[in-house]
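Coordinates in review
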Amino acid sequence: MIEIEQISKSFADIKAVDGISAGITEGSVYGLIGTNGAGKSTLMRMMAGILKSDSGRVLVDGEDVFENPKVKKEIFYIPDDAYFFSNATPADMEKFYASIYERFDRARFAEMLGQFGLEKKRRVSTFSKGMKKQLSILLGVCAGTKYLFCDETFDGLDPVMRQAVKSIFAKEIEERQMTPVIASHNLRELEDICDHVGLLHKGGILFSKDLDDMKLAIHKVQCAFEANQDVTELLAGFDIMKKEQRGRLYTLTLRGVEGDIIAKMEAASPIFYEVLPLSLEEIFISETEVAGYDIKSLIL
Amino acid sequence: MTSSRLFCNLLRENIKRQLWSIVLLLLAWFFCFPVLSAMDMVDKTISTLYDLNQIYGATSPMLTLITVIAAIVLAMSCFKHLHSSRMTDCYHALPVKRELLFASQYLAGVVIYLATYLLGILAMLLVLMWKGILVKYLLANVFYGYLMFALMFLLIYTITVLAVELTGKLIISVLGTLYLNFYALIVYGLFMSLGELFFSTYSSRSAENVFHVTQWLAPFSRLYKNFELMDQRPKDCIFRMSDHIWNDQPQLLSRLEGTTMVVTPLPAGVLLGTLAMLAVLLVISVVLFKKRRSESAGSAMAFSISRPIVKFLTVLPAGTGIGIFFYMINSERSLGWLFFGTVCGALIVCCAMEVIYQADIRAMFRKKWDLLVGVVLSLLLTCFFRFDWGGYDRYLPEKEDLKGVSILFSFEDWASRWDLSSPKLDYNWDYQLTEECYYDMDVLYPLLEYLTEHIPEEEVAKPGYYAVTSEVAYGSYKYDSVYVSSWYTLDVTYRLKNGKEVHRDYTLDLSDSKLRELVSAVYESEEYKEMLYAIYHEEVMDCLAGLSMQGYFDSVKYTDTKASREFLEIYKEEFKGLTFDEVLENQSVYCIGFLIDPDKRITSEDDYYHMETLEYPVYASFTKTIAWLEEHMQLELEQDFIDGIQRMYIYDNVTGNSYELKRSKDAELIAALSKYLVEENQFMIYDGYRYYVELMAMQKDEEEKWEDSRYYYGYLASEDAVALLQNVEPNEK
């Protein structure tokens, strides 16, 4: 369990993270989304015990993470632009991390290197950006830590690799309750992997919610009514988050359980209605607009 | 994973990361040790052994250079992650305590240096053994050198690590290393310059006191001082033996054991002090490494608090330094230029520092308050020295606070101009001011009081010529006033009862009759003479072996010890009665040398053998002394010497004419003038005789054959010379 309590961090005059609180439960995938400069990397570096917060604290399994090797043993941090020693090969990096993380699975590393088509004795400096990302993910996964912090890790991976990594994560979560925390500026990247998301903006967290809860609680309905029907009265019983109208066609974003919404729609007797699947992006747009933010300008 | 295992893993990995440093160092040691020693090994003689001991000893310049470069490069390389946020993140994300990370990185550099150095030594010894050199006579110096260079490496390495921790960019780290090593020395130099420029009574010995502090503030000055301490051959060093022993190899080798050190080992106190200095630097390094924030990588200064400190510590001396530069290059030496330079210097340096901090040229005027404070503080510092706000020149301790005062009149510097190597009798230039002390404050204090109350104006206090109004004998002529070649000073060390020592150098304007009277009182006091002159020191005069007569072109020696002691007693009595006026106004008639036998104080018979001579003046008032000399010693020039004079060049100080006499046509005149010849000696008043003479004379060897000619310099000490030269045609001017 990772508990972030009112954490703040400034660099000179710039407030990078401002009073963020969040909780990350074990065995789930937590997505941190936000634009560039929103504070994702800073938050993640504080969670990894690299940066010391100006105020507040990050507790990992109940202990402060900064300068705490016992806790940091359970954390592997993959930065956006990972550092590899000069002239090092994947084998060198493996040796280095294996000497630090005692649960490092060297056999698995060798096996996965083969699966990803990465040569063990080739210098990392000759790898492409995507290959370096793959290597750092493999190192992170094989380190055997409980928490894996990935900063923009999927950025630069091709769709096939992205799927492969996702499946590795899924397997690790299933097998040993690994908890990946993935920071990205791209909502679509996290949609099919995250269980929980936190949206950061200008150093603060707009909200942090369970994705399934959000998906179950928000629905998009397209419907059309007769001209003589009083639409306002008919829709009065719905918790409408957003309403768009084109002629007599309404697109509604409604909060509530799907069954209740269908029952209410039936009762309103529209010409037709249809409950449409809602993308994570749409959920976010709706939620943040409700909160008073123009999310389109932030994340799209 | 246990922390020790983790540490070993980290250390191994960190050493692996320094592969290129290892290769470069191995290459350097390879050429420095086996290759160079093989090249230098001319033969198997003692001189080769000596050379090898010098080259690989604790003061070897070559090893110093390699060590300093290795220390800086390894420190920068082992801690380079502090310059890059990517690398910092990588290391700081590891589940390792910062202390452990520091230790593994710090030790990686140390292990690399020590291991490669040792490999170099072993390779060299193998080569030398293969060539048949007696390497066992090298081991003491080589391994003492190894320890001393290890200490030097650690100091430079640690201070460089400290500089890297304090900064976030490579170039700034390099500047920081220079800053930490040289700042104290530069400020020391600046204060010395300021003192010399603006304080009339400034003593460079005050600066020495400051240096005693600064040498413990920066590794570079500490190492420089350590080198100075070690860079002398110990007394029992086999290599001090005289030549005949050197050539007698069997005897020499039999005595080599234990006497092969070519340097003086560092005193235990200094060694401990240096180790303590290293420990302090190391502790600071660990604390800074722990406190240093990861986000500091890439920024000029890692700790925001250090920014203003470094800035003002730089701006103040830089502003004042540039101020005095403008002041000195300007012939008028006006206050305007001093302040202009100070303001400009402070502004420029303040702006430059801000540009460096923010890596932005547009940031130069961003901190206006800093600019203002920097300029004001620099001006205050300049004014502090220029107007002596600290009261340096006015300093005079209370009479009752004084334990005693060490004094040195500049006209008395000859009294300590002798060089006895025995530690007990090690009189040197500073002896009077360090070992001797004057206690009769009733005599001395009024002089000091007067000097403090009559500090000359700045221009008067500068080096130059000072008028002596009294009449000075000028050969046969007398002048109302002449300029002496050097100004007179009185160097003083106040020894206070609380143990403190304060140094001042006063300028003596002897045209001031009151001052001259006060100086005379000190000079003519019994305590002064007994304190200052070696002839009154029994431990020195116990070694008296004879006399030598200086001033007669070929010194005459008299080695009857008993009679010499009898002469000493006569001389001591008359010398005690010598007045200050006589010293200033009269030429010494003779220069007598007291021969001190080194055998009586140096036990090693093989040591450098040389007789010391203590030279003393004989004035016309020393009638008993002169009578003794006339009775016991040859005081006239020998006829052989006069016959050997081939050429005589004479310069008339009064008319500016010069004459050149040659034996071939002026033999008689040369012989006549020779009666008045006196050789130049240290007690003569500069240009105190009218005629200056240069002689080229030939001398007879043991077989009565004329040998090579030699040159002599002296004067004609009689007004009769005027008449003799009257009809000689002078050279063209």
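Residues numbered from 1 in each chain as written. Chains lettered and ligands numbered in written order. Predicted model: local features only at pLDDT ≥ 70, side-chain atom pairs only at ≥ 80, totals over all residues.

Things to note about the domain arrangement of chain A
What counts is decided by this rule: An automatic or database domain assignment provides the domain bounds reported here.
Looking at the assigned domains, one finds that chain A contains domain 1 (2–202) and domain 2 (214–299). The distance between the C-alpha centroids of domain 1 of chain A and domain 2 of chain A comes to 37 Å.

Structural notes on the nonpolar core
One broad trend across soluble globular proteins is that nonpolar side chains are buried collectively. Just so we agree on the cut-off: Take the buried Ala, Val, Leu, Ile, Met, Phe, Trp, Tyr and Cys residues, join any whose C-beta atoms are within 7 Å, and the set you get is a nonpolar core. The burial criterion counts other C-beta atoms lying within 10 Å of a residue's C-beta, which is placed from the backbone; the residue is buried at 20 or more, exposed at 12 or fewer, and partly exposed between these limits. Numbering of helices and strands runs from the N terminus, with a helix taken as a DSSP run of H or I at least four residues long and a strand as a DSSP run of E at least two residues long. Two residues qualify as a contact pair if the distance between their C-beta atoms, derived from the backbone, is within 7 Å.
With 80 residues, the main nonpolar core has Leu32(A), Met47(A), Leu138(A), Phe149(A) and Val181(A) as its most contacted residues. The element contributing the most residues to this core is helix α5 (residues 129–142) of chain A, with seven residues. Contacts of Phe149(A), omitting those with residues within four sequence positions, involve Met44(A), Met47(A), Ala48(A), Ile75(A), Tyr77(A), Ile78(A) and Val181(A). Listed in part, the 65 residues of the second largest apolar core include Ile15(B), Leu52(B), Tyr56(B) and Leu155(B).

Description of the packing of α5(A) against helix α6 (residues 159–176) of chain A
All names here are of chain A. Keep this limit in mind: What counts as an axis is a line fitted to C-alpha atoms, over the stretch in contact for a helix, and the angles between N-to-C directions run from 0 to 180 degrees. These descriptions rest on fixed angle ranges, namely under 35 degrees for roughly parallel, over 145 for roughly antiparallel, 65 to 115 for roughly perpendicular, and the rest for oblique. We call Asp, Glu, Lys and Arg charged. Ala, Val, Leu, Ile, Met, Phe, Trp, Tyr, Cys and Pro are nonpolar, and the rest, Gly among them, are polar.
Two elements in contact, α5 and α6, have axes separated by 12 Å at closest approach and are oriented at 5°. By the angle class used here, α5 and α6 are roughly parallel. Residue-level contacts link Gly 130, Gln 134, Ile 137 and Val 141 of α5 to Met 161, Val 165, Ile 168 and Glu 172 of α6. Of the residues in the contact of α5 with α6, the class split is five nonpolar, two polar and one charged.

Regarding the interface of chain A and chain B
Contact residues are listed per partner, giving 19 residues for chain A and 18 residues for chain B. When contributions to the side of chain A that touches chain B are tallied by element, the ones reaching two or more residues are α2 (69–72) and α3 (90–100) of chain A. In terms of residues, the side of chain A that touches chain B owes the most to one element, α3(A), which gives three residues. For the side of chain A that touches chain B, the per-class residue count stands at 11 nonpolar, one polar and seven charged.

Some thoughts on the confidence of the model for chain B
All names here are of chain B. Convention followed: A residue's pLDDT is the predictor's confidence in that residue, given on a scale from 0 to 100.
Chain-level statistics for chain B give a pLDDT mean of 82 and a share of 82% at 70 or above. A low-confidence stretch, residues 417–428 stays under pLDDT 50, and its non-local contacts, those more than four residues away or across chains, total 16 contacts. When the criterion is pLDDT under 50, residues 459–486 qualifies, and its contacts beyond four places in sequence or with other chains add up to 57 contacts. Two numbers describe this predicted complex: its pTM, 0.77, and its ipTM, 0.86.

Focus on the sheet that holds strand β13 (residues 249–255) of chain A
All names here are of chain A. Definition in use: Whether two strands pair comes down to DSSP finding at least two bridges between them.
Read across the sheet, four strands follow the order β12-β13-β11-β14 without closing on themselves; strand pairing throughout is antiparallel. Of all the strands in the sheet, the pair left with one neighbour each is β12 (239–246) and β14 (272–276). Across the sheet, the axes of successive neighbouring strands diverge by a mean angle of 20°, strand direction being ignored. One ladder, built from seven bridges, connects strand β11 (residues 218–224) with β13; its direction is antiparallel. Each bridged residue has a counterpart across the sheet, and for Cys 223 the counterpart in β13 is Tyr 250. Helix α10 (residues 258–268) contacts β11, β13 and β14 of the sheet and is inclined by roughly 15° relative to β11.

Notes on the sheet that holds strand β6 (residues 75–78) of chain A
Consider a sheet: its strands pair through backbone hydrogen bonds, and that pairing is either parallel or antiparallel. Residues and elements named next belong to chain A. Reading across from one edge, β6-β7-β8-β3-β9-β10 is the order of the six strands in this open sheet, with mixed pairing throughout. Looking at the sheet topology across the chains shown, the edges are occupied by β6 and β10 (204–210). Within the sheet, the average angular offset between the axes of one strand and its neighbour, ignoring direction, is 15°. In terms of strand pairing, β6 meets strand β7 (residues 147–151) through four bridges, oriented parallel. When the sheet's bridge partners are listed, Phe 76 is paired in β7 with Leu 148.

Quick look at helix α1 (residues 40–47) of chain A
Residue and element names in this part refer to chain A. α1 sits mainly inside the fold: eight of its eight residues count as buried. Of the positions making up α1, those classed as buried are Lys 40, Ser 41, Thr 42, Leu 43, Met 44, Arg 45, Met 46 and Met 47. Gly 49 lies just past α1 and shows a positive phi near 80°.

Focus: the confidence of the model for chain A
Summing up the model confidence of chain A, the mean pLDDT is 86 and the portion of residues at 70 or higher is 96%. No element of chain A has a lower mean pLDDT than helix α12 (residues 295–299) of chain A, which averages 53, and none a higher one than β6(A), which averages 94.

What about the pairing of strand β4 (residues 55–60) of chain A?
Residues and elements named next belong to chain A. Of the strand pairs in this sheet, strand β1 (residues 2–11) and β4 are connected by five bridges, and their pairing is antiparallel. For Ser 8, the partnering residue across the bridge sits in β4 and is Ser 55. Across two bridges, β4 lies against strand β5 (residues 63–64) in antiparallel orientation. Along β5, the bridge assignment pairs Val 60 with Glu 63. Between the end of β4 and the start of β5, which pair antiparallel, lie two residues, with Asp 61 showing a positive phi angle near 50°.

Observations concerning the packing of helix α7 (residues 139–166) of chain B against helix α13 (residues 268–291) of chain B
Residues and elements named next belong to chain B. Defined as follows: Crossing handedness is defined as follows: a turn of the near helix away from the far one that is anticlockwise and smaller than a right angle gives a left-handed crossing, while the clockwise case is right-handed.
The N-to-C vectors of α7 and α13 enclose an angle of 25°; their axes lie 9 Å apart at closest approach. In terms of orientation, α7 and α13 fall into the roughly parallel class. As for how α7 packs across α13, the hand of that crossing is left-handed. Between α7, through Leu 151, Leu 154, Leu 155, Thr 158, Ile 159, Val 161, Leu 162, Glu 165 and Leu 166, and α13, the contact on the second element is made entirely by Thr 274, Leu 278, Leu 281, Leu 282, Ile 284, Ser 285, Leu 288 and Phe 289. Of the residues in the contact of α7 with α13, the class split is 13 nonpolar, three polar and one charged.

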